[in-house]
Amino acid sequence: MKINIVPYNDEWPLLFETIKKEIKKSIVFNKVIIEHIGSTSVYNLASKPIIDILIGVRSNKLDMYIEPIKNLGYTHIKEYETETPNRRFFFFEKSKKRIAQVHLVKKNSRWFKRHIAFRNELRSNEIIRKKYQSLKYSLSKKEWKDGNEYADAKTIFIRSVEKMLKFD
């Protein structure tokens, strides 16, 4: 499988805002934080054209949010909970093309904080952003078993950046 990396698109933040409004309407029973994360959230960073959304909730009862998100047309992947039990993962497809992914975690958890910190570092540090973009373009030339294998290949770089950040 090839990974399609495309130049930054000014439509990505607008698409995120539309999705955020839909999610907020469906989760009316609790205060949530909905953040745009991943490369599509970083101005001028090339990316896979998939909007990554991070939902932070106050409760540890993550499962109570599954049905409202599924009712919006998202697919919940329960198998990922084996490896990451404190996260619920969903994706949305249109015409067999992935449009968005949702990561649901407890607000202020380590998972939440490190993703926000990494996004913020990419937004504010042009050197790191360019290195990350170069890595992504390089990795996109390879053949991958699946998207998870590609994501795993970026982990060493991401962890090295996270070590410089304070998010605990």
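Just so it is clear, the structure is predicted and the values come from calculations on it, not from any experiment.

Peer 1: A description of the layout of surface pockets should follow, citing residues and the corresponding values.
Peer 2: For the largest pocket, the calculated volume is near 1,400 Å³. Forming the walls of the largest pocket are 43 residues, and the residues nearest its centre are Lys 48, Gln 101, Gly 147, Asn 148 and Ala 151. Where the lining of the largest pocket is concerned, the elements lending two or more residues are helix H3 (80–83), strand S4 (87–94), strand S5 (97–106), helix H4 (110–124), helix H5 (126–140) and helix H6 (147–164). Among the elements that make up the lining of the largest pocket, the one with the highest residue count is H6 (ten residues). Residues of the lining of the largest pocket, tallied by class, amount to 16 nonpolar, eleven polar and 16 charged. In this structure, the second largest pocket spans a volume of roughly 160 Å³. Each residue belonging to the lining of the second largest pocket can be placed in one class, and the counts come to four nonpolar, four polar and three charged.

Peer 1: Lay out the packing of H4 against H5 with the relevant residues and their values.
Peer 2: Helix-helix packing: each pair is described by the crossing angle between the helix axes and the interaxial distance. Running from N to C, H4 and H5 point in directions that differ by 105°, and their axes come no closer than 5 Å. Between H4 and H5, the crossing angle belongs to the class labelled roughly perpendicular. Here H4 contributes Phe 118, Glu 121, Leu 122, Arg 123 and Ser 124 to the contact with H5, which in turn contributes Glu 126, Ile 128, Arg 129 and Tyr 132. Among the residues making up the contact of H4 with H5, the classes are represented as four nonpolar, one polar and four charged.

Peer 1: Help me get a handle on the pairing of S5, residues and values and all.
Peer 2: The pairing of strand S2 (residues 51–57) with S5 spans seven bridges and is parallel. Bridged to Ile 55 within S5 is Leu 104. As defined by bridge partners, S4 adjoins S5 across eight bridges and the pair is classed as antiparallel. From the neighbouring strand, Glu 93 faces S5, where its bridge partner is Arg 98. The antiparallel pairing of S4 with S5 creates a hairpin that spans two residues between the two strands, and Ser 95 there sits at a positive phi of about 55°.

Rules and cut-offs
Per-chain numbering applies: the sequence of each chain, read as written, is numbered from 1 onward. Predicted model: local features are reported for residues with pLDDT of at least 70 only, side-chain atom pairs are reported and counted for 80 or more only, and whole-chain, interface and lining totals are derived from all residues. Processing note: side-chain calculations cover all non-hydrogen atoms of the structure and skip hydrogens and water entirely. A cavity, in this analysis, means grid points on a 1 Å lattice covering only the protein atoms where a 1.4 Å probe fits yet has no way out; a pocket is instead an open set bounded by protein on both sides within 12 Å along at least five of seven lines, and a residue lines either one if it has an atom within 4 Å of a point. Grid points are joined across faces, edges and corners, and a volume is the space filled by probe spheres set on the points. Elements are defined by DSSP. Helices are runs of H or I of four residues or more, strands are runs of E of two residues or more, and each kind is numbered from the N terminus. All residues other than Ala, Val, Leu, Ile, Met, Phe, Trp, Tyr, Cys, Pro, Asp, Glu, Lys and Arg, Gly among them, are scored as polar; the first ten of these are nonpolar and the last four charged. The axes used here are C-alpha line fits, helices contributing only the stretch in contact, and every angle between their N-to-C directions lies in the interval 0 to 180 degrees. Should an angle fall under 35 degrees it is called roughly parallel, over 145 degrees roughly antiparallel, and 65 to 115 degrees roughly perpendicular, with every other angle called oblique. Contact criterion: two residues are considered in contact whenever any of their non-hydrogen atoms come within 4.5 Å of each other. Here a strand pair is declared whenever DSSP counts at least two bridges between the two strands.

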